[in-house]
Amino acid sequence: MGNSTQRLFFDLVDLRLFINIAEANSLTRGAERSCLSLAAASMRIKNLEDAIGTRLLNRASQGVTLTPAGQAMLRNALRILQQSERLLGDLAEYGQGVKGRVRLFANTTAMTEFLPAALGRFLSDHPRVDMDLRERLSHDIVKAVQDGATDIGIVAGSVSTEGLQALPYHGDRLVLATALNHPLASRARLAFKEALGHDFVSLHSGSAIHTFMAQVASELGLDTQIRVQVSSFDALCRMVEANAGIGLLPRSAARRLARSMDIHVIELSDAWAEREMKICVRELEALPTFARELVDYLLATPGPAS
């Protein structure tokens with residue numbers, strides 16, 4: 001007896017491949033992330049499109065973009081894989097050797113100051129769980145959680161988490177660091193606008209804190225004069241100590257580094273300098289067991305000492 005509804009069966013390998021291609025905007029890089037040859041990846045995507053009966057990718061010399069059908073496929077593929085991870089996590093309680101994977105997106109402060117201790121303990125206690133950890137801007141993290149591109153997000157500031165479950169996490173403030181002989185070194189507190197006439201040392205342009213600083217300056221109608229870009233708060237403070245410029249960074253990092261470097265820490269009077277962080281998820285109970293346990297580890301681990 002015929003059935004007018006075509007049944008489609010999706011291989012999880014194909015879904016992971018499609019997600020990797022979509023995230024990389026590249027068939028080649030997506031194939032590499034999936035540990036497949038380009039030819040094998042191309043054939044899998046072609047077979048997927050043939051089975052569905054429509055194109056999922058627009059191919060161009062500079063990469064690929066998603067068609068409307070591809071965008072729908074991506075949303076649902078992310079959800080299917082999240083559910084499969086939950087299944088694997090639940091089954092892992094009954095047998096050995098089942099591996100899980102949890103995705104965590106976080107802002108710069110959380111990545112450098114708050115996560116290392118918690119993640120070190122978690123990964124040590126869960127040797128069969130792998131982690132995809134990425135630094136993102138807070139509003140991008142919220143969208144990634146909403147779309148299912150990440151399981152857990154850590155955001156800071158006033159970004160809206162409407163529609164998500166948000167759990168209070170740690171708090172921190174952004175401060176300025178200067179050399180001891182810098183003209184601003186006599187100040188204990190100032191508004192960020194007062195500092196914008198001076199040269200800055202900043203994290204690299206792809207970092208969340210660099211982008212945030214540029215946004216704040218733009219809202220003030222001013223530019224940041226960035227002379228040096230570095231890859232870590234430690235390197236930032238080394239350059240500040242050498243009087244290459246002043247730096248914007250979390251107070252927890254500044255105070256930690258001030259113990260071993262000759263830098264002066266200045267409090268900011270701006271309201272946005274107070275950064276309350278939140279852990280956000282789409283639905284806590286829908287996460288795999290090991291992902292829920294990671295949230296518990298995050299909440300139970302104290303922040304760095306001031």
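This is a predicted model, so every value here is computed, not measured.

Some thoughts on the packing of aromatic side chains
Then, number 1: Applying the stated criterion to the full structure yields five aromatic pairs.
Then, number 2: Measuring from centroid to centroid gives 5.4 Å for Phe 122 and Tyr 297, while their planes differ by 85°, and the two rings are edge-to-face. Of this pair, Phe 122 sits in helix H5 (residues 108-125) while Tyr 297 is found in helix H11 (residues 289-300), placing the two residues 175 residues apart along the sequence. Pair check on accessibility: Phe 122 and Tyr 297 agree, each one buried.
Then, number 3: Three or more aromatic residues joined by ring pairs make a cluster, and in this case those are Phe 192, Phe 200, Phe 212 and Trp 272.
Then, number 4: The positively charged end of Arg 136 is found above the aromatic ring belonging to Phe 105, 5.3 Å away from the centroid.

Description of the UniProt feature "domain: HTH lysR-type" (unreviewed entry) in the chain
Then, number 1: Within this numbering scheme, the UniProt entry marks residues 10-67 as carrying the feature "domain: HTH lysR-type" (unreviewed entry).
Then, number 2: Helix and strand shares over residues 10-67 are 60% and 14% respectively, and the end C-alpha atoms of the span are 19 Å apart.

Looking at the pairing of strand E9 (residues 225-230)
Then, number 1: Inspection of the sheet shows strand E8 (residues 199-203) paired to E9 by five bridges, in the parallel sense. Paired with Val 201 across the strands is Val 228, a residue of E9.
Then, number 2: For the segment spanning E8, helix H8 (residues 208-219) and E9, crossover handedness is right-handed.

Thoughts on the pairing of strand E12 (residues 274-281)
Then, number 1: Examined bridge by bridge, strand E5 (residues 152-156) and E12 share four bridges and lie antiparallel to one another. Within E12, the residue paired with Val 155 across the bridge is Lys 278.
Then, number 2: Bridging between strand E6 (residues 165-179) and E12 involves seven bridges; their strand directions are antiparallel. Looking at E12, one finds that Gln 165 is bridged to Val 281.

Here's the deal with the pattern of salt bridges
Side chains carrying opposite charge are able to pair once their charged atoms draw close together.
Then, number 1: In this structure the tally under the stated criterion is 18 salt bridges.
Then, number 2: When the shortest N-O distance is used, the salt bridge between Arg 44 and Asp 11 registers 3.9 Å. Placement of Arg 44 in helix H3 (residues 38-52) and of Asp 11 in the segment before helix H1 (12-24) is noted, with a sequence separation of 33 residues between them.
Then, number 3: Two residues, Asp 132 and Arg 101, come together in a salt bridge whose shortest N-O distance is 3.2 Å. Highlighted residues: Asp 132 in strand E4 (residues 129-135) and Arg 101 in strand E3 (residues 100-106), separated in sequence by 31 residues.
Then, number 4: Salt bridges linked by common partners bring Glu 23, Arg 33, Arg 101, Asp 132 and Arg 134 together as one network.

Cut-offs used in this document
Residues numbered from 1 in each chain as written. Predicted model: local features only at pLDDT ≥ 70, side-chain atom pairs only at ≥ 80, totals over all residues. Heavy atoms only, no water. Phe/Tyr/Trp six-rings, centres within 6.5 Å; stacked < 30°, edge-to-face > 60°. Helix = DSSP H or I, 4+ residues; strand = E, 2+ residues; numbered from the N terminus. Buried < 20%, exposed > 50% of the residue type's maximum accessible area, 1.4 Å probe, protein only. Lys NZ or Arg CZ within 6 Å of the ring centre and 35° of its normal. UniProt positions renumbered as here; feature names shortened; annotations may be inferred. Pairing = 2+ DSSP bridges. Right-handed = clockwise from strand over helix to strand, strands pointing away. Salt bridge = Lys/Arg side-chain N within 4 Å of Asp/Glu carboxyl O.

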